[in-house]
Amino acid sequence: MLVKRLFFSFLLLVLIAASIVPSLSASAQSPVPQQVQDLLAKMSPEEKVGQLFLVTFQGTDTTNQSQIYDLIANRNIGGVVLSAANDNFTAAPNTINDAYDLIESLQRIEWQTSGTPAVAGQPTRNYIPLFVGISQAGNGYPTDQIINGMTPLPDEMAIGATWSTDVANEIGSTLGQELSAMGFNLFFGPSLDVLDNPNPSAPNDLGTSVFGGDPYWVGEMGQAYIAGLHTGSSNHMAVIAKHFPGEGDSDRVPENEVATIRKSLDQLKQVELAPFFAVTGNAPSPDTTTDGVLVSHIRYQGFQGNIRPTTRPISFDSQALSQIFSLPQFTNWRASGGLVVSDDLGTKAINDFYSLGGQPFFARNVARDAFLAGNDLLYMGKIQSSDQPDTYSSVIATLNFFSQKYREDSAFAQLVDTSVTRILTLKYRLYSTFYLSSVLPDRDLLQSIGTADKVTFDVARKAATLVSPSAQDLTTVLPSPPQLRERLVFITDTESVKQCSACPSQDTFPIDTLQQTVLRLYGPEGDNQTSTFRVSSYSFDHLRQMLSGNSPPYIETDLSRADWIIISMTDPSSGGPDLISRFLTERQDLVRNKRVILFSFSAPYYMDATDISKLTAYYALYSKQPPFVDVAARILFDELTPSAASPVAIPSVGYSLTTATSPDPKQIIPLSLDLPVTVEPTGTDYTPIPTQMPLFKIGDTIAVRAGVIQDQNGHPVPDGTPVHFSMVLTGEGGGILQQVDSVTTEGVARASFGLDKPGLLEIKVISGSATVSEVLQMDVSSIGAAAVTVIIPVLTETIYPTPTAVIVKEQNEFVTNNGYPRFSAWLLAILLLAGGTWLAYWAVGRLAGIRIGIRWSLCVLLGGLLAYNYLAFGFPGSQSWLLDKGVFGILLATFVGELLGLGAAWLWVWRTSASGSQTG
């Protein structure tokens, strides 16, 4: 027994050496804070062990009889994770306030029970704030845990479609502010997975939960989003980036079965790990640096370069995980306190993996293996041992097992101390002092939650993408938006969800949500471009029943009479793409000669080429939050022009992300001297000196700068894009003198050339298919110095500038963009008609009697109504008249109609009088 224990201790020492030795130099630069050392010295083994664990619990009960009370007060656990699946949140309208109360209660338990021994006879407990974690990825159910009360923020793909790090930062800041106001201090996200090969039929389709398919841009967005979370929470939020080291190419859902990826470490570094490099060792600032990474339960085949061996799940494979963390991009980050957090250890996938062959499942063994592999913080989830009745008992048994091992095994104890040091350091980074008052946010901050809808609308309009047809063809197939007399049918993908199991159901995307938005903006009370009785809405279930021969009332009739069929798809996993395909194929009689529009409020790559060819237009909105519905309605009525580019490939329309992010051949690459930046002094006594043009002679070195080089979406090319510089001697006997290969950083590349030969020299640059650049020319002689001339060439074909922002057409208070009166104009016209009618009745009635007054007033009313309706129904010439004259044109036309009515009344009376005199 002693020999076995000594052998196991030796193995632990080896593991410690493997994880610590590569970081010794960095550790020397990042000493453990004194307050962490002091606290660690006072902690009991049970307190140290407890800090390693994140637990979950059911419901909202935190009384001293509850299981979560015992785990906090008596078992010293380090944190809890709240989720909708565990009924930790309540129904609207109390969702936010109740969440605050729950978190306050959890932190107060830790505070009130510190200073007293957890078990009689043991030292008193030290107060250490709890981690309270959540995963809130945006886009509502199912990726958001809280679906009521917060600002409806978009998912990552919608953010990625803006190609704007400022937008990513703003969304992260909003989320960080709202979550921290409730008391959350641990955030699982963002996902830094790279969707470089979209496959809608894959079991583990990532959908809109990723920023995109280019590793560089995923890293850029991740940096900005993390910085926003930190600043928005006033640095009271620990950010745990997921799913390390990347789930983009996994072959199944990791929660259900351990997935396998066939990639070597070198391949992972190029794609999957690149975004994690960007937020760890390569992060430009502390704000953009993630506090930790969440390690997925994925195994790799060919990790060492040999395709045969397969790792254990990486979260349990100490050799593979330590090999990854020994990479230069991770060593300093890890040594500076970077936290490694295990993914949920209670998933079905882990249970099946450890129970293979009918073996019993023990939570303590799973937690031990994950910890020894290198995870600092162990997320237990709903883990349950074969020999325990529930998760609560399994967690307690695991805590006891770890505490005993801590006391018996010094090597294990050293590993625990190392991980707890990282955890405490992070908690002290969140709260400089451990007092309840510094941990609990002010309740007044709750008032600001849910008020940032404008931020989401800004993302929605910047992310909107025209998938098909091309922008040039759109005006041909859709020359105008829906007109007043045209009928619209909306078919919508909807689903009922609950905030908790006992909460009332609510629709994630109500059947008539797009219809109501259209009527609000363009109905009788908006632009008056459509009417209430010409629109109708049906669900995907209604459409499915119709295709199965059980047609619900009216749907087939409405579809046959429709001029426009507008389909909204929100959840492709529920079979939406197949249903749309069936409809377009089986009921061509209902779609023939109609405008069929598809809005995808999800990822854009689910429809195949054949189905897309049957659509009039296909737009990607990426998120189903209400502001995205608003943008869809504005696109439909031609008020917004989508100009974003998809952040992922869309094979069905030939959109390749590799091509889209490559240098645009329709550009002239800027080229200039790379001169040092000089800071001019300021002050009243300083006289600016004109910048001297540098001169060059034989023996000098000339530094040049190319860029910013644009990709084919109009954005700077990704970092690392190859750029080829060349210096050429022109004239007779000339040729290439020097060549320099470089790569871009933020779209810019640099190179230097030595001037060692006289003559007329030219420096040019190319990058990929962008082969035209500005030219630096100088005539260098052997005795004198020469200045540089910049020559700007002309491309042989027209350059079409890429739009960079959504165009919002200017609104008119009284007239729509298409030349129709708005509700406000109708109201003014009615007031004018009422005044004219009353005046005619009053004046003529006094002079010729009430009967004649009624005739005259009716003619005035009829004449004015006819004139107004001529404009309202868009008869020839009316639209250009209103667009030119505005509200004055409406009032003038109505007044002229009234005058014509007066003329008709006079003619009526005259003819009546003439007829009476002839009869007499």
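Further up the page is the structure itself.
Because the structure is predicted, anything quoted here is derived from the model rather than measured. (Residues numbered from 1 in each chain as written. Predicted model: local features only at pLDDT ≥ 70, side-chain atom pairs only at ≥ 80, totals over all residues. Heavy atoms only, no water.)

## So, the overall build of the protein chain
- Helices and strands together make up the secondary structure of the protein chain, namely 32 helices and 30 strands.
- Burial statistics for the protein chain: of 920 residues in total, 54% are counted as buried.
- When contacts within the protein chain are restricted to residue pairs at least 6 apart in sequence, those whose partners lie at least 24 apart make up 73%.
- Total accessible area on the protein chain is roughly 40,000 Å²; 54% of this is exposed by carbon and sulfur atoms. (Helix = DSSP H or I, 4+ residues; strand = E, 2+ residues; numbered from the N terminus. Buried < 20%, exposed > 50% of the residue type's maximum accessible area, 1.4 Å probe, protein only. Contact = heavy atoms within 4.5 Å. Areas by Shrake-Rupley, 256 points an atom, 1.4 Å probe, with all protein chains shown as cover.)

## With respect to the packing of aromatic side chains
- Evaluated as defined, the whole model comprises 26 aromatic pairs.
- Between tyrosine 354 and phenylalanine 361, the aromatic rings sit 6.4 Å apart at their centres with planes inclined by 85 degrees, giving edge-to-face as the arrangement. Per residue, the accessibility class of tyrosine 354 equals that of phenylalanine 361, and both read buried.
- Each residue in the set Phe244, Phe276, Phe277, Phe325, Phe330 and Trp333 is aromatic and connected to the rest through ring pairs, giving one cluster.
- A cation over a ring is seen here: arginine 334 above phenylalanine 325, with NZ or CZ 5.5 Å from the ring centre. (Phe/Tyr/Trp six-rings, centres within 6.5 Å; stacked < 30°, edge-to-face > 60°. Lys NZ or Arg CZ within 6 Å of the ring centre and 35° of its normal.)

## Side note on the pairing of strand E22 (residues 701-706)
- Burial along E22 is one-sided: the residues Ile702, Val704 and Ala706 are buried and none of Thr701, Ala703 and Arg705 is.
- Bridge count between strand E20 (residues 671-673) and E22: three bridges; the pairing is antiparallel. Across the sheet, the residue bridging to leucine 673 is valine 704, located in E22.
- Sheet topology places E22 next to strand E25 (residues 749-754); six bridges connect them, and they run antiparallel. Its bridge partner lying in E25, arginine 705 is registered against arginine 750. (Pairing = 2+ DSSP bridges.)

## A look at the state of the cysteines
- The full count for this structure, using the stated rule, is one disulfide.
- Each disulfide pairs two cysteine sulfurs, and for cysteine 500 the partner residue is cysteine 503, the sulfurs being separated by 1.9 Å. Measuring the twist about the S-S bond at about 95 degrees, one finds the cysteine 500-cysteine 503 disulfide to be right-handed. Comparing cysteine 500 with cysteine 503 shows no difference in burial state: the two are buried. (Disulfide = S-S within 2.5 Å.)

## A short note on the side chain of glutamate 639
- If you trace the backbone, glutamate 639 turns up in the loop between helix H27 (626-636) and strand E19 (640-641).
- At 2.5 Å, the side chain of glutamate 639 and the side chain of tyrosine 522 are in polar contact.
- There is a polar contact of 2.6 Å between the side chain of glutamate 639 and the side chain of arginine 634. (Polar contact = N/O pair within 3.5 Å; in protein donor to acceptor, adjacent residues only side chain to side chain.)

## Considering helix H15 (residues 363-373)
- Burial analysis of H15 places eight of its eleven residues in the buried class, the great majority of the element.
- For H15, the full list of buried residues reads Ala363, Val366, Ala367, Asp369, Ala370, Phe371, Leu372 and Ala373.

## A word on empty space enclosed by the protein
- For the structure shown, the criterion picks out four cavities of 30 Å³ or more.
- The calculated volume of the largest cavity comes to roughly 50 Å³.
- If one sorts the elements of the lining of the largest cavity by residue count, helix H9 (residues 215-232) sits on top with three residues.
- Its residues placed into classes, the lining of the largest cavity shows six nonpolar, three polar and one charged. (1 Å grid on protein atoms, 1.4 Å probe; cavity = no way out; pocket = protein on both sides within 12 Å on 5 of 7 lines; lining within 4 Å. Points joined across faces, edges and corners; volume = space filled by probe spheres on them. Nonpolar A, V, L, I, M, F, W, Y, C, P; charged D, E, K, R; others polar.)

## Some thoughts on the pattern of salt bridges
- Considering all chains together, one arrives at 27 salt bridges under this definition.
- Among the ionic pairs, aspartate 458 bridges to lysine 462, the shortest N-O distance being 3.3 Å. Placement of the pair is aspartate 458 and lysine 462 together in helix H19 (residues 453-463), with a separation of four residues, close to one helical turn.
- Among the residues examined, aspartate 458 registers a relative accessible area of 15% and is labelled buried.
- Exposure remark for lysine 462: the relative accessible area of 33% places this residue in the partly exposed category. (Salt bridge = Lys/Arg side-chain N within 4 Å of Asp/Glu carboxyl O.)

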